[in-house]
Amino acid sequence: MIKKIILSLLFLIPVTGIWAQKPDAAGYARLRKDQDTLQQLSREIFAGKGDAGREAATEQFIPALVRALKTPWSFRFPFDSLRTVSIQYPQDSSFRIFTWALERETGFYRHYGAIQMNTPDGQLKLFPLFDISDYITNTDTIAGNKAWYGCLYYNIVQRHYFNQEYYTLFGWDANNPRSQKKLVEMLTFKNGTPVFGGPFFSYAEDSVPKPTRNRFILEYKKESTATLNYNKELDMIVFDHLISETNEPAKKYTYVSDMDYEGFKWKGGKWTHVNKIFHDAIPLGKGAPVPQPLDQKKKSMTNPRSAEDFQPEPGNKQPAKKKQ
């Protein structure tokens, strides 16, 4: 099945981690063999014949991935051949997140994922992610890995505040035949377990304040594009201001960008809403993350970049060394 809307993912390959130990020769050989199997299965998940074929590939992929990750020090193996699986690392390399999507013939999507922790002894500590987004009506949730709002993560921004690490996750959801979504949410760890969402998106400085959100979601027209990402130069989250092209604000599938931009600035342990970022006209390419025209037929999950996404600076592609 030809996919009309696919987000190009950022594939981050670790070169250093918190601990320097790597798989031994036998472990590395086993991981390379496992990667070959996973690569074939991931292709079938992405482009297999019919729902049954893609679902069967998914059912085989999950235990195969777990078996591979049980290899000691597997965190140090990048799995960089899995081009239809997004693998994202925070700056401190304390964990990584695998996410991938299964498209059904109806045009709806289901997401799968797992968080692998970077353990000091090289043994596997894994949190599977269970997508319940099809069954919830309130998206403004705080939940664990068993009640995950499924998506493909394409970036992680780390912040430190009052002796705690906060990981801001950026994700994309192909959603359904009429609309797609981009979202940003906070990941924290409580007693060593992941918590998705939290009261970190504040509108306290708006002229008309709104309640703080646990998760920020942009839903927009399927054939359109929208920016939602961290801008290193501005040191803030930047996203498109959306309007209904048919003047029907209740219908999110009619939303498109009006080429204006909003954002969130990190202040006092929260992302605080900025209603308007650019107050003057800025020439194309001089600062504003203006999307370029995009041929939808050329969008491919095997291409790590996409014209409509304002990507982080090249220096953010690899996890940083932990300071001693």
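Quick note: structure is the one above.
Predicted model, so just to flag it, every value in this text is computed and none were measured.

A.B. asks: How do you make sense of the layout of surface pockets when you look at a structure like this?
C.D. replies: Where empty space is left becomes clear once a probe the size of a water molecule has been rolled over the atoms. Taken as a whole, the largest pocket holds about 490 Å³ of empty space. Counting residues per element, the ones that place at least two in the lining of the largest pocket are β10 (215–221), β12 (236–244) and β13 (255–267). For the lining of the largest pocket, the element with the most residues is β10, which contributes 5 residues.

A.B. asks: Can you walk me through unusual backbone geometry in this structure?
C.D. replies: Trans is the common state for peptide bonds, and a negative phi is the common state for residues other than glycine. The phi torsion at Asp235 lies on the positive side, around 55 degrees, for a residue other than glycine. Following the sequence through the fold, Asp235 ends up in the loop between β11 (228–231) and β12. Phi at Met259 is positive, roughly 70 degrees, even though this residue is not glycine. Here Met259 lies in strand β13. You can call Met259 partly exposed: its relative accessible area is 46%.

A.B. asks: Even after reading the chapter, I still don't get the packing of helix α1 (residues 25–47) against helix α2 (residues 50–69), so can you show me in this structure?
C.D. replies: Packed helices, taken two at a time, are described by the angle between their axes plus the distance between the axes. Their axes nearest at 8 Å, the elements α1 and α2 cross at an angle of 160 degrees. What the angle tells us is that α1 and α2 run roughly antiparallel. Helix-helix and strand crossings are classified by hand; for α1 and α2 the assignment is left-handed. Contact residues: Leu31, Asp34, Leu38, Leu41, Ser42, Glu44, Ile45 and Phe46 in α1; Arg54, Ala57, Thr58, Gln60, Phe61, Ala64, Leu65 and Ala68 in α2. Residues that form the contact of α1 with α2 fall into these classes: 10 nonpolar, 3 polar and 3 charged.

Cut-offs and rules
Residues numbered from 1 in each chain as written. Predicted model: local features only at pLDDT ≥ 70, side-chain atom pairs only at ≥ 80, totals over all residues. Heavy atoms only, no water. 1 Å grid on protein atoms, 1.4 Å probe; cavity = no way out; pocket = protein on both sides within 12 Å on 5 of 7 lines; lining within 4 Å. Points joined across faces, edges and corners; volume = space filled by probe spheres on them. Helix = DSSP H or I, 4+ residues; strand = E, 2+ residues; numbered from the N terminus. Buried < 20%, exposed > 50% of the residue type's maximum accessible area, 1.4 Å probe, protein only. Axes fitted to C-alpha atoms, helices over the stretch in contact; angles between N-to-C directions. Parallel < 35°, antiparallel > 145°, perpendicular 65-115°, else oblique. Left-handed = near helix turned anticlockwise from the far one by under 90°. Contact = heavy atoms within 4.5 Å. Nonpolar A, V, L, I, M, F, W, Y, C, P; charged D, E, K, R; others polar.

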